[in-house]
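Overview (structure and organization)
So you can see what is in the structure, the chains are spelled out below.
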Number of protein chains: 2
Amino acid sequence: MIVKSQGIWLTLAQDSEGPRCGAAMNDLSEAKGQALAIQGDRIIDIRAAEEIFSLYESDQILDWGNCLVMPGLIDPHTHPVFLATREDEFEMRNLGKSYVEIALAGGGIRSSVRSLRSATEDQLTDLVKERADGFLALGTTTIEAKSGYGLSTADEIKSLRAIHKANAEHALDFHPTFLGAHEIPDEYRDNREAYIQLLIDEMIPAVAKENLARFCDVFCEEHVFTVEESRRILAAAKNHGLQIRIHADEIESTGGAELAAEIGALSADHLGAISEQGIKDMRDAGVVATLLPGTSFFLNLAKRAPGRKIIDSGVAMALATDYNPGSCHTQSLFMIMTIACIHYGITAAEALTAVTVNAAHTLGLAHDRGQLKVGMRSDLIGIDAPNARFLPYQFGSNPVRHVVKDGRVVS
Amino acid sequence: MIVKSQGIWLTLAQDSEGPRCGAAMNDLSEAKGQALAIQGDRIIDIRAAEEIFSLYESDQILDWGNCLVMPGLIDPHTHPVFLATREDEFEMRNLGKSYVEIALAGGGIRSSVRSLRSATEDQLTDLVKERADGFLALGTTTIEAKSGYGLSTADEIKSLRAIHKANAEHALDFHPTFLGAHEIPDEYRDNREAYIQLLIDEMIPAVAKENLARFCDVFCEEHVFTVEESRRILAAAKNHGLQIRIHADEIESTGGAELAAEIGALSADHLGAISEQGIKDMRDAGVVATLLPGTSFFLNLAKRAPGRKIIDSGVAMALATDYNPGSCHTQSLFMIMTIACIHYGITAAEALTAVTVNAAHTLGLAHDRGQLKVGMRSDLIGIDAPNARFLPYQFGSNPVRHVVKDGRVVS
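Cut-offs and rules
- Note on numbering: residues in each chain are counted from 1, in written sequence order.
- Lettering for chains starts from A, numbering for ligands starts from 1, and both go in the order in which the items are written.
- Restriction of local features to residues with pLDDT of at least 70 applies here, the model being predicted, together with a cutoff of 80 or more for giving and counting side-chain atom pairs; totals for whole chains, interfaces and linings are based on all residues.
- Hydrogens are left out, water is left out, and the side-chain values use all remaining heavy atoms of the structure.
- Here a strand is any run of E in DSSP of at least two residues, a helix any run of H or I of at least four, and the numbering for each starts at the N terminus.
- Per-residue accessibility, obtained with a 1.4 Å probe over protein chains only, is compared with the maximum for each type, and a residue is labelled buried under 20%, exposed over 50%, and partly exposed between these values.
- For this analysis, a polar contact is any N or O atom pair within 3.5 Å, provided that within protein one partner can donate a hydrogen and the other can accept it, and provided that sequence-adjacent residues contribute only side-chain to side-chain pairs.
- When checking whether two residues touch, look at their non-hydrogen atoms; a contact exists if any pair is within 4.5 Å.
- In this scheme, strands are said to pair when DSSP sees at least two bridges between them.
- As a rule, the C-alpha atoms of each element are fitted with a line to give its axis, helices using only the stretch in contact, and angles between N-to-C directions run from 0 to 180 degrees.
- An automatic or database domain assignment supplies the start and end points of every domain.
- Note on terms: buried area is the combined drop in 1.4 Å-probe accessible area of two parts once they are placed together, counting the loss on both.
- A helix is expected to span 1.5 Å for every residue after the first.
- We define a salt bridge as a side-chain nitrogen of Lys or Arg found within 4 Å of a carboxyl oxygen belonging to Asp or Glu.

1. Some remarks on the side chain of serine 267 of chain A
Residue and element names in this part refer to chain A.
- Tracing the chain through its elements places serine 267 in strand 13 (residues 267-270).
- On the basis of relative accessible area, serine 267 is assigned to the buried category, the value being 0%.
- A distance of 2.5 Å separates polar atoms of two side chains, one belonging to serine 267 and the other to aspartate 269.
- Excluding anything up to four places from it in sequence, serine 267 contacts Ile244, Arg245, Ile246, Val287, Val288, Thr290 and Thr362.

2. Some thoughts on the sheet that holds strand 6 (residues 61-63) of chain B
Residues and elements named next belong to chain B.
- On the basis of which strands lie adjacent, the open sheet formed by four strands has the order 5-4-1-6 and mixed pairing. The sheet terminates laterally at strand 5 (42-48) and strand 6, the two strands that pair on one side only. Neighbour to neighbour, the strand axes of the sheet diverge by 20° on average, direction disregarded.
- Here three bridges tie strand 1 (residues 2-4) to strand 6, and the two strands are oriented parallel to one another. Looking across to strand 6, one finds that lysine 4 is bridged to aspartate 63.

3. Re the domain arrangement of chain A
Residue and element names in this part refer to chain A.
- When the domains of chain A are assigned, the result is domain 1 (2-71 + 372-409) and domain 2 (73-362).
- Look at where the C-alpha atoms of domain 1 and domain 2 centre, and you get two points 29 Å apart.
- Listed by partner, the interface residues are 32 residues for domain 1 and 31 residues for domain 2.
- Together domain 1 and domain 2 conceal approximately 2400 Å² of surface at their shared face, both sides included; 71% is due to carbon and sulfur atoms.

4. Remarks on helix 13 (residues 333-345) of chain B
Residues and elements named next belong to chain B.
- Across its 13 residues, helix 13 extends 17 Å between first and last C-alpha, which sits within 8% of the 18 Å expected from 1.5 Å per residue.
- With respect to burial, helix 13 is a largely interior element, 13 of its 13 residues being buried.
- Sitting at the amino-terminal end of helix 13 is serine 332, which places a side-chain oxygen 3.3 Å from the backbone nitrogen of phenylalanine 334.

5. Thoughts on the pattern of salt bridges
Residues and elements named next belong to chain B.
- The final tally for this structure, using the stated rule, is 76 salt bridges over all chains.
- Among the salt bridges present, the one from aspartate 312 reaches arginine 308, with a minimum N-O distance of 2.9 Å. Placement of both aspartate 312 and arginine 308 in helix 12 (residues 307-312) is noted, with a separation of four residues, approximately one turn of the helix.
- Between aspartate 379 and lysine 405 there is a salt bridge, with the nearest N and O atoms lying 2.8 Å from each other. Of this pair, aspartate 379 sits in the loop between helix 15 (357-362) and strand 16 (380-383) while lysine 405 sits in strand 17 (residues 400-405), and the two are 26 residues apart along the sequence. Like aspartate 379, the residue lysine 405 is buried in the burial classification.

Set out below in structure tokens:
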């Protein structure tokens, strides 16, 4: 396959060992009049269109007109395995109820747990595949996908299996995360220690044994899991070969970022209330800060993650949707880029780096995707936009016109 | 034509003389299993599907599956006639420059004036038609469309003619507004009185004579036009048979809302800094408050219009995109509904009323559109959503699957 476009090509191809941080996040590689040759699921060449056409022959030539071409987006934090949407809660919250009030009244994560437990694995698989269509249409070709609405061994395994089935049957790539430590389930409210033991002694070993997850995540937050509890759970996960991500310091600063650094997490996520020490520790340990600006927007939180400061401090930033039925119901990384630019005071180039190269790093996939360059996976998208700055500037509509995943046209 | 859907039908059909205010904004008419018969550009019947099929025959039957069906959206505040987009300014602002700083540095509205003056009427017409495609695809079937980047008699007339040509050649309905009083152009910076005289003595009469606008609008704001200047301009417009809308109290409270009430405006728009007196006066005079939550979002303003309070005070609210290249670059009223629900603390039903029935009132079109009912214009849309509350809850993607305008399938 050959893809050509008269528009801007964002190859994002600067070489660098680790995730991009500081000024390197602003360093976009732009070119015009390029074409790209694909063989199977790999990019085999990218250069001026006339050279590509003199070097390669193909009976599948895609002319993307004036589209801007860039690597398929990577969403490094999603919760796509749920049964029921929660639009009623959205309205309650807008009318004045707080997230915590709704949670204490039996809403929030716990309401998703009740509904997920009633669902079959096939039902969940079908829903996840439907949602995968949504991600692909919006230009996202790879997602991290968490369990976490099961909160029992059987229901967490059911959730992770649904992700695996969807991954096998759908073009979108899923990278599964075990998030049994998303909340204390109702039946353990009076005995949280027993649930933590269940996580450590039964759930993590079972998930690891079946190879159901690449990552383990914990919701480390006031009223959820303490730093000490999170440390124990994540240490067990590491012992079973899982890599670590953490929901850290979303609302209150409890030391989640520091824990992420200490334990060698790939990513610490949210960080609405990250401390100075947390920023320093993450920088020194090379943990990526995955920020979720859609969530603070959707929850109408005055306190937002200090995105500008995080970049300026030398911490690599990724951006994600946090797609979930309660606190952020969007699948669009373009929308997330817009909110990030406005709320964090960052540039389009920084936002683009955050949803490609740096997002790939948090998934341990930077060698394989997140850039348009020879040897990388042939995941690319064509966008109706004249330049990179236009991407976050235009909002509320879907600018994606073409999606190629693993060398196949999928949208 | 017959349209059917198994999904929810939002007919918004409560009868009422004026725009909906207070509790009536929450009063959605919902039904299921309906169908609708269309003849030409009119809805001739709407009732249970089996009854429609027994009463009417048609060789054009549209089955919209489980889509939610509602009237085409009405956007009562847009600035679609411009040449160049301003994504560089968006980035500058996000990096810390204020809207006023950018304006004083020659950016802002004045940069759009420079570029528009260099454009031909045909160029502008083509751009407006392209943008009309965007509105229709996002479910908007009627827009109010302002001039205001010309700021000379010839360039304002060129802008309004571009709107008329686009209206004649495109399915989208445009209702044009003369906004010569959008800013003082550079050549009159040292003699603002002369520009006001030009507006009153030459531009308004010329626009009225050619029937180029239904409405006249003024940007009544600190550093733009004072209340006294606005009053003189709008009085002249009224004398020439134009109806009145006002950009009022966007950033500072200068008495724009009070002026709107005094002068009998159809709508006062923005209102980020509306006073208590302004709310009271608008309620007593029956002026609709058209709020533009996308703009305060895009400009990252901490001060937002008091949307909840405006409704609770008995003022009818409409919502609009404010689509323009500087302060709000979105065409999606669904996105606007999401921001309104979150930032103003309003319900989905209130937001829906604001972009249909109440938006129609601000354009003097409530007898003709904004509801699905017999005799109304056959403008309707099919949305991928299970219920009304889902509409603002899902954000960042386009939920519109079908658009019928004047009885024709256009998207």
